[in-house]
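Chains, contacts and geometry: an overview
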Amino acid sequence: MKVAVLGTGYVGLSTGVCLAEIGHEVVCIDVDERKIDLLKEGKSPIYEPRLEELLIKNSTEGRLAFTTFHQQGLREADIIIIAVGTPQSDDGRADLSYLEQAAKDLAEHIVRDCVVVVKSTVPVGTNEYVKQLLLGQLKSNVEIKMVSNPEFLRQGSAIEDTLKADRIIIGSDDVSASEKIQEMYRPLNVPFLLTDVRSAEIIKYASNAFLATKISFINAIANLCEAAGADVEDVAKGMGFDKRVGSAFLNAGIGYGGSCFPKDVKALLHTSRELGVPFSLLEETISINEHQQELLVDKALKRFGTLNGKKIAMLGLSFKPNTDDMREAPSIKIARSLTASGAEVAAFDPVAASNARKVIGDIITYVDSAVEAAKDADALFVVTEWEEFKQHDVAALLDVMKQPIIFDGRNCLDEAALKACKTIEYYPVGRPAVILKGND
Ligand SMILES: NC(=O)C1=CN([C@@H]2O[C@H](COP(=O)(O)OP(=O)(O)OC[C@H]3O[C@@H](n4cnc5c(N)ncnc54)[C@H](O)[C@@H]3O)[C@@H](O)[C@H]2O)C=CC1
Ligand SMILES: O=C(O)[C@H]1O[C@H](OP(=O)(O)OP(=O)(O)OC[C@H]2O[C@@H](n3ccc(=O)[nH]c3=O)[C@H](O)[C@@H]2O)[C@H](O)[C@@H](O)[C@@H]1O
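Worth saying up front: this structure is predicted, and the values here are computed from it rather than measured.

This brings us to the domain arrangement of the chain. Looking at the assigned domains, one finds that the chain contains domain 1 (2-195), domain 2 (203-291) and domain 3 (293-437). The C-alpha-based centres of domain 1 and domain 3 are spaced at 38 Å. Contact with domain 1, which involves seven residues of that partner, is made by 10 residues of domain 3. In total, about 650 Å² of surface goes out of reach between domain 1 and domain 3, with carbon and sulfur atoms giving 44% of it. Looking at the side of domain 1 facing domain 3, the largest losses of area belong to Tyr10, Tyr47 and Gln155, adding up to 77% of the total buried there. Viewed at the interface, domain 3 and domain 1 are joined by zero salt bridges. Along the lines of polarity and charge, the residues of the side of domain 1 that touches domain 3 split into four nonpolar, two polar and one charged.

Right under this line is the structure:
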């Protein structure tokens, strides 16, 4: 099938590459010339495992092309997938301006009957709004059918999640459009759930808000465990054995970040207010998360009395491992709080440093290794659980630190390995701090 994808961000690019991989002819369109130039050279503008490999393979085999010209990209498309951003507005609602522009671009350049798929995360009712915009401005006499098809991939495993999704939601009031989209995805062999458009839109927000709430719930339990002398890791394990609870997304830490949970929880809250339906649970989810992002700095302040002049090593900047995305990363708040308290911060992240610099600026120093960050540090903050930090020889870090104090915001360091080092003050999340007696 001939597919056009509007927007080559995390979702659009992953979708485009994977649809080409299962045999479709795909043209990805973006208004960002820099991105399209890179993509044409076979380079991915984002860090995502396997993405570049599949990008090169499918471009070389002639199933994947990139353009900044809507006219060129849309000319032959049977299916057009909209995957532009829907960021957060100041009042919490989803900003639909990119989507509105996308509808305008489509109206201008669509020249044949096609199915338009809204994959961007959009508030309930938006598919109908886009359809009206599109039909109202359409230049050619063609038939357009609409499908809501929200996306559930995670950054850092976008390709894997797309090729092996848990489900594909297809929301449409038109049977033939729904069938066409099922046909497009059929080679993936993933279960479909067919719904009406509004339910499909809500499924996306409900899923993200539920997962964010699960994280805030376990973080609240973590704080309770710390005060009560219990261990949240064991508590989460004990809860997770119950299939009704499930063990996923019960990792306590310094809160959720990223381009979606923070904005989507707020957007759903905004929708509920607009519809006059109380949903204070979401307010708590947000407030627990904000508090959790302050956790490491609060603990360090308690430990040191003042952070003025203290040197802190930050391991990790991206909002989660395996991505260079800094959107709403907890590291931003942590870096700002630390420096506002007079601390000096040296940070290392395997891939996110240059994006981090754009957001955090030069209030902190960006270094090229964990050991360099740890040099002369009074404390180490583990902010992102990159595999290489978990595997790191902690002794090598402790050797260069001024004091052996670790605040582990992701409970990811191996305690047995820590015990094999010299004596350490270790502050995990969700269980009391411990002095790990070492062999010094
Ligand atoms: N990032 C993620 O992991 C996930 C994101 N989503 C949702 O998918 C949507 C897209 O998210 P991301 O891929 O992260 O966004 P992004 O911000 O990374 O990419 C959006 C792209 O759209 C392009 N664009 C904007 N207007 C355009 C137009 N008129 N024509 C062509 N291209 C245009 C931009 O230049 C940009 O490259 C959002 O609604 C988001 O909430 C859903 C699931 C996962
Ligand atoms: O709509 C979206 O954009 C996507 O949002 C999330 O994906 P993503 O933001 O890429 O990453 P997650 O793995 O969900 O992590 C989000 C945040 O929650 C945190 N988290 C996650 C799990 C956990 O147990 N504890 C925890 O603190 C992570 O550190 C990270 O900051 C969802 O998992 C995807 O299904 C969804 O498609």
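The subject of this paragraph is unusual backbone geometry. Even without a glycine there, the phi angle at Asn189 is positive, about 60 degrees. Following the sequence through the fold, Asn189 ends up in the loop between helix H8 (175-185) and strand E8 (192-195). Although it is not a glycine, Asn322 sits at a positive phi angle of roughly 65 degrees. By the secondary structure assignment, Asn322 is in the loop between strand E9 (311-315) and helix H14 (330-340). For Asn322, a relative accessible area of 35% puts it in the partly exposed group.

This paragraph deals with the pattern of salt bridges. All told, the structure shown has 28 salt bridges when counted by the stated rule. Among the salt bridges present, the one from Lys263 reaches Asp264, with a minimum N-O distance of 2.8 Å. For the residue pair Lys263 and Asp264, the accessibility class agrees, reading buried in each case. Glu425 is the partner of Arg303 in a salt bridge, and the nearest nitrogen-oxygen pair spans 2.5 Å. Taken together, the positions of Arg303 in helix H13 (residues 295-304) and Glu425 in strand E14 (residues 424-427) put the pair 122 residues apart, joining distant regions of the chain. Arg303 gets classed as partly exposed once you look at its relative accessible area, which sits at 28%. Taking relative accessible area as the criterion, Glu425 reaches 18% and is therefore assigned buried. Residues participating in the shared-partner salt-bridge network are Lys2, Glu25 and Glu76.

What surrounds ligand 2 is a group of 20 residues, the closest being Phe152, Leu153, Gln155, Lys204 and Cys260. One of the backbone nitrogen or oxygen atoms of Gly257 is found 2.9 Å away from an oxygen atom of ligand 2. Sort the elements by how many residues they give to the shell around ligand 2 and helix H9 (residues 197-228) lands first, with three residues. Residues that form the shell around ligand 2 fall into these classes: nine nonpolar, five polar and six charged.

Looking at where Ser207 falls in the secondary structure, it is placed in helix H9. The class for Ser207 is buried, based on a relative accessible area of 18%. Setting aside residues no more than four positions away along its own chain, Ser207 makes contact with Phe152 and Arg167.

Once that is clear, we can look at the sheet that holds strand E15 (residues 434-436). The pairing of strands in a sheet happens through backbone hydrogen bonds and is either parallel or antiparallel. Read across the open sheet, the seven strands follow the order E11-E10-E9-E12-E13-E14-E15; overall the sheet is mixed. Unpaired on one side and paired on the other, strand E11 (365-366) and E15 mark the two borders of the sheet. Bridge count between strand E13 (residues 405-408) and E14: three bridges; the pairing is parallel. Residue Phe407 lies in a different strand from E14, and its bridge partner there is Tyr427. Against the sheet, H13 makes contact with strand E12 (379-382), E13 and E14, and its axis sits at roughly 155 degrees relative to E13, the strand it touches most.

Another aspect to go through is the UniProt feature "domain: UDP-glucose/GDP-mannose dehydrogenase C-terminal" (unreviewed entry) in the chain. Here, the residues flagged by UniProt with the feature "domain: UDP-glucose/GDP-mannose dehydrogenase C-terminal" (unreviewed entry) are residues 313-415. Taken end to end, residues 313-415 comprises 35% helix and 17% strand; its first and last C-alpha atoms sit 19 Å apart.

Glancing now at the packing of helix H1 (residues 10-21) against helix H3 (residues 51-60). At a minimum axis distance of 9 Å, the contact between H1 and H3 shows a crossing angle of 50 degrees. Between H1 and H3, the crossing angle belongs to the class labelled oblique. As for the relative orientation of H1 and H3, their crossing is left-handed in sense. Of H3, the residues touching H1 (which contributes Leu13, Ser14, Val17, Ala20 and Glu21) are Leu51, Leu54, Leu55, Lys57 and Asn58.

Moving on: the environment of Phe249. Within the secondary structure, Phe249 is located in the loop between helix H10 (232-240) and helix H11 (261-274). Note: C-alpha distance between Phe249 and Asn219 (30 residues apart in sequence) is 11 Å. When residues no more than four places from it in sequence are discounted, the contact partners of Phe249 are Leu211, Lys214, Ile215 and Phe261.

Take the site of ligand 1 next. In the vicinity of ligand 1 there are 30 residues, among which Asp30, Lys35, Thr86, Gln155 and Lys263 approach most closely. Separating an oxygen atom of ligand 1 from a backbone N or O atom of Tyr10 is a distance of 3.0 Å. Measuring from an oxygen atom of ligand 1, one finds a side-chain N or O atom of Thr86 at 2.5 Å. Protein contact buries 90% of the 840 Å² of open area that ligand 1 shows by itself. Breaking the shell around ligand 1 down by element, the ones donating at least two residues are H1 and helix H5 (97-109).

The rules behind each value
Residues numbered from 1 in each chain as written. Chains lettered and ligands numbered in written order. Predicted model: local features only at pLDDT ≥ 70, side-chain atom pairs only at ≥ 80, totals over all residues. Heavy atoms only, no water. Domains from an automatic or database assignment. Contact = heavy atoms within 4.5 Å. Buried area = accessible area lost by both parts, 1.4 Å probe. Salt bridge = Lys/Arg side-chain N within 4 Å of Asp/Glu carboxyl O. Nonpolar A, V, L, I, M, F, W, Y, C, P; charged D, E, K, R; others polar. Helix = DSSP H or I, 4+ residues; strand = E, 2+ residues; numbered from the N terminus. Buried < 20%, exposed > 50% of the residue type's maximum accessible area, 1.4 Å probe, protein only. Near = heavy atom within 4 Å. Polar contact = N/O pair within 3.5 Å; in protein donor to acceptor, adjacent residues only side chain to side chain. Pairing = 2+ DSSP bridges. Axes fitted to C-alpha atoms, helices over the stretch in contact; angles between N-to-C directions. UniProt positions renumbered as here; feature names shortened; annotations may be inferred. Parallel < 35°, antiparallel > 145°, perpendicular 65-115°, else oblique. Left-handed = near helix turned anticlockwise from the far one by under 90°. Areas by Shrake-Rupley, 256 points an atom, 1.4 Å probe, with all protein chains shown as cover.

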